[in-house]
Structure formats: C-alpha cells, structure tokens
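# Inside the fold
Below are the chains, spelled out letter by letter.
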Amino acid sequence: MASTALVLRSAVFTLVVAAACGDGNTTASQLRGAVRGLGEAPELYSKPPCGDSAGWGQELYQDAMGSMCAPACPTIGVYPTPCPIPEGANTNLFTPQCTHIAASKDPLCLITCEGGCPREMVCSDSGFCVFPMKSCLSDHLVGTWQVNDAFGLKGITVQLTILPPTDGCDGVTAKMSYLNVKLEYSIIITPSTGGQLHIKYLNEKASPVYYHEGYYFPTQDLLMEDLNFKLGKPSPDTSGVLLYKKIA
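Residues numbered from 1 in each chain as written. Predicted model: local features only at pLDDT ≥ 70, side-chain atom pairs only at ≥ 80, totals over all residues. Heavy atoms only, no water.

Overall, antiparallel pairing links the eight strands, which are arranged 10-11-12-13-14-15-16-19 in a closed barrel. Strand-to-strand twist in this sheet, taken as the mean axis angle between neighbours without regard to direction, amounts to 30°. In this structure, strand 16 (residues 222-226) lies alongside strand 19 (residues 241-246), joined through five bridges in antiparallel fashion. Following the sheet pairing, Asp-226 is matched in strand 19 by Val-241. (Pairing = 2+ DSSP bridges. Helix = DSSP H or I, 4+ residues; strand = E, 2+ residues; numbered from the N terminus. Axes fitted to C-alpha atoms, helices over the stretch in contact; angles between N-to-C directions.)

According to the stated counting rule, one finds five disulfides in the structure shown. The residue that forms a disulfide with Cys-73 is Cys-98, at a sulfur-sulfur distance of 2.1 Å. Where Cys-73 bonds to Cys-98 through sulfur, the torsion about that S-S bond is close to 120°, and the disulfide is right-handed. Taken as a pair, Cys-73 in the loop between strand 3 (66-71) and strand 4 (75-76) and Cys-98 in strand 6 (residues 96-99) lie far apart in primary sequence, 25 residues in all. Classification of Cys-73 as buried rests on a relative accessible area of 14%. Owing to a relative accessible area of 42%, Cys-98 belongs among the partly exposed residues under this scheme. (Disulfide = S-S within 2.5 Å. Buried < 20%, exposed > 50% of the residue type's maximum accessible area, 1.4 Å probe, protein only.)

Moving on, we get to the nonpolar core. Nonpolar side chains in soluble globular proteins generally cluster together in the buried interior. In terms of nonpolar packing, the biggest core is built from 24 residues, with Leu-160, Leu-223 and Tyr-244 touching the most fellow members. Looking at this core, the elements that each hand over two or more residues are strand 10 (143-147), strand 11 (158-162), strand 12 (173-178), strand 13 (181-191), strand 14 (197-203), strand 15 (210-217) and strand 19. Contact partners of Leu-223, with chain neighbours within four places excluded, come to Leu-141, Trp-145, Leu-160, Ile-162, Ile-199, Tyr-201, Tyr-215, Tyr-216, Leu-242, Leu-243 and Tyr-244. Grouped together as the second largest cluster of nonpolar side chains are 21 residues, Met-68, Cys-109, Met-121 and Phe-128 included. (Core = buried A, V, L, I, M, F, W, Y, C linked by side-chain atoms within 4.5 Å. Contact = heavy atoms within 4.5 Å.)

As a further point, take the environment of Tyr-45. For Tyr-45, the location among the structural elements is in the loop between helix 2 (28-36) and strand 1 (52-53). By relative accessible area, Tyr-45 is classed as buried at 8%. Counting along the chain gives 66 residues from Tyr-45 to Ile-111, while the straight-line C-alpha distance between them is 8.5 Å. A distance of 2.7 Å separates the side chain of Tyr-45 from the backbone oxygen of Pro-84, its partner in a polar contact. (Polar contact = N/O pair within 3.5 Å; in protein donor to acceptor, adjacent residues only side chain to side chain.)

Under the definition given, this model contains two salt bridges. As a salt-bridge pair, Lys-205 and Glu-184 come within 2.9 Å of each other at their nearest N and O atoms. Of this pair, Lys-205 sits in the loop between strand 14 and strand 15 while Glu-184 sits in strand 13; the two residues are 21 residues apart in sequence, bridging distant segments of the chain. You can call Lys-205 exposed: its relative accessible area is 65%. Taking relative accessible area as the criterion, Glu-184 reaches 41% and is therefore assigned partly exposed. (Salt bridge = Lys/Arg side-chain N within 4 Å of Asp/Glu carboxyl O.)

Shown next, in the form of structure tokens:
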C-alpha cells in the first residue's frame, strides 16, 4: 500500500512540475484531474455563507462591489497547483487565479474578469468576479422562523421575523414574539466554521442592553438562540435554547 501511495503521489507531482515547466504533453484537463484526485472540486465558487465542500475549504472574499466564497489555493507539499475548476465550466470565462489577499491568511482562488464573468457575477474594481452586494450573509436568514412548544411547554409558540437589511448588508433587525412578550433585536452576523453563521441577538431597547448568541446551521436550515447566556456570561433571568425552523 505504501508503494502504491508513493506511485500516485509521484504521478501527481510529475504532472504539476511538467505543467510548470511548459511540457506541451501535459494538458490542463490532466492536471485538473490529478488535483481532483486529491479531493473532488465541485461548485466551490459560491455566494455566502462559506464552508467546506468535499475537502476543499472556502473563505469569504469581499470588496466594495460584492462578495464570494472562494477556495484557498491548493498545494501539493510546497508546490502550488492550479485552482480547481468545476466540471463543465467554460474555461474561456472561468479563469480562477491564486491571489494574496490582506484579509486572508492564505491566498485564495479568485475568478479574474478576463473574458467576462460567469452568470450572476459582476466584475469589481479589483479585477475579480463577485456576486453583487445584494448577496449578504443575512440572505438565508430573512423570513419568519418559529419554535413550537417552546421552553418545554406545550402550546407555547415563539416566532422570530428577520427583516431584510436596510443599509447594503447591514442594518438587519428582527421582531420576536411569544404570549404577550414582544422584543426587537438588531441581528449581527459573522461567518463561522463549516458554513455556519454566528448570530448575536442584540436588544438595544432593554435596560441594560444585552445580547444572546446563537448559530445558523445551513445543512439543517435551523436557527438557534441560546437564552442561557447574556453578554457571553450565564444569564440570571433567562434559560433554555430555542431551535427555530423557517416557516416563511
């Protein structure tokens, strides 16, 4: 088994070096095939939220005109390899390029504007294709969410309505209600691991001001609010975890 693995690594290494040296016998499709052999490369260039897909990690790239989720530049050891290209992509339009970005610890595979951008994307002033600014982290959250039999009490329903952003991707607010209680939250969203979103439910109308924390789980399409903590500390007057399901 060890010798077989060595042969496979050697084959990939030969393809990479041959391409770097301009060996006309090594085609781009062969090289992409070698890289995919280390982990399949599906539609990695997508709208937020970002996560991991078949072993390829994504990171958020954003500028003044938009954003996108892009894979980190792949390597074999210390040797850089071409950025992954999804099957069936028009390579005349789809030209990802390994680029160093100040906000990212690793260089990212970004799609250049050469020859135009793929559908739904626009060319930003940076020279890379992005999804227009309307693609926000809140896109998956806007709508009405509900918890039935909340707090372990049959018949108690908690409803949370998250409103669209009012200032680009900022200014996301929500209205929460159950029984005769009505609350208003400012929603603060940041990317987390595995495509999850970290949420702060900030109540600025309370005295004192407080926030609960939670997460959006994209795979299950669930929204969580942890009432056990306020301002990152154990809460003296609320408890329980709300798992919201989207109803509209």
